[in-house]
Amino acid sequence: MHIPKNYFSDRTILLFLTINSFLTILGSSLILWRLSAGQSSNFIVTYRANLGISAYYGGQALDILAFIAFLVIVLLANTLMSMKVYSHHRSYAIIVLGLGSLLGLLATIVSNALLVLR
């Protein structure tokens, strides 16, 4: 894959790459910290508010660890997509990285909320 010559010289791109990397590391460490502090082996992996009493669905620790894989995939996919789009238009690359930051933040919030519920 061809990396544009001035991609890593752009300060805005570097800012968003740093934010995305920080959110990935923060989310992964929070998930691992909450998992190691827990004593039970059954975790709430989904919550559906419209189902009433049967709103909670249980799962194993592997289901929660999938959030870490999701954060890493989002980081890699957004970085690669922004590199590809940067040569066409700089602002599109910034939008892709900004949306990746939002997605990483939301994944961290949701995983933390599910781990607090157990």
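These figures come from a predicted structure and were not determined experimentally. (Residues numbered from 1 in each chain as written. Predicted model: local features only at pLDDT ≥ 70, side-chain atom pairs only at ≥ 80, totals over all residues. Heavy atoms only, no water.)

Caption draft 1: Highlighting the overall build of the protein. If you tally the helices and strands in the protein, you get three helices and two strands. In sequence order, the secondary structure elements of the protein are arranged as α-β-β-α-α. Expressed as lengths along the three principal axes of its C-alpha atoms, the size of the protein is roughly 55 × 30 × 20 Å. Within the protein, the fraction of its 118 residues that count as buried is 35%. (Helix = DSSP H or I, 4+ residues; strand = E, 2+ residues; numbered from the N terminus. Buried < 20%, exposed > 50% of the residue type's maximum accessible area, 1.4 Å probe, protein only.)

Caption draft 2: Representation of the nonpolar core in the model. Ile31, Leu35, Phe43, Ile44, Val45, Ile64, Phe67, Ile68, Leu114 and Leu115 form the largest nonpolar core, which has ten residues in total. Residue assignment for this core shows that the elements contributing at least two residues are helix H1 (11-37), strand E1 (43-47), helix H2 (61-86) and helix H3 (90-117). Sequence-distant contacts of valine 45, that is, excluding residues within four places in its chain, are made with Tyr57, Gly58, Gly59, Gln60, Asp63, Ile64 and Leu114. (Core = buried A, V, L, I, M, F, W, Y, C linked by side-chain atoms within 4.5 Å. Contact = heavy atoms within 4.5 Å.)

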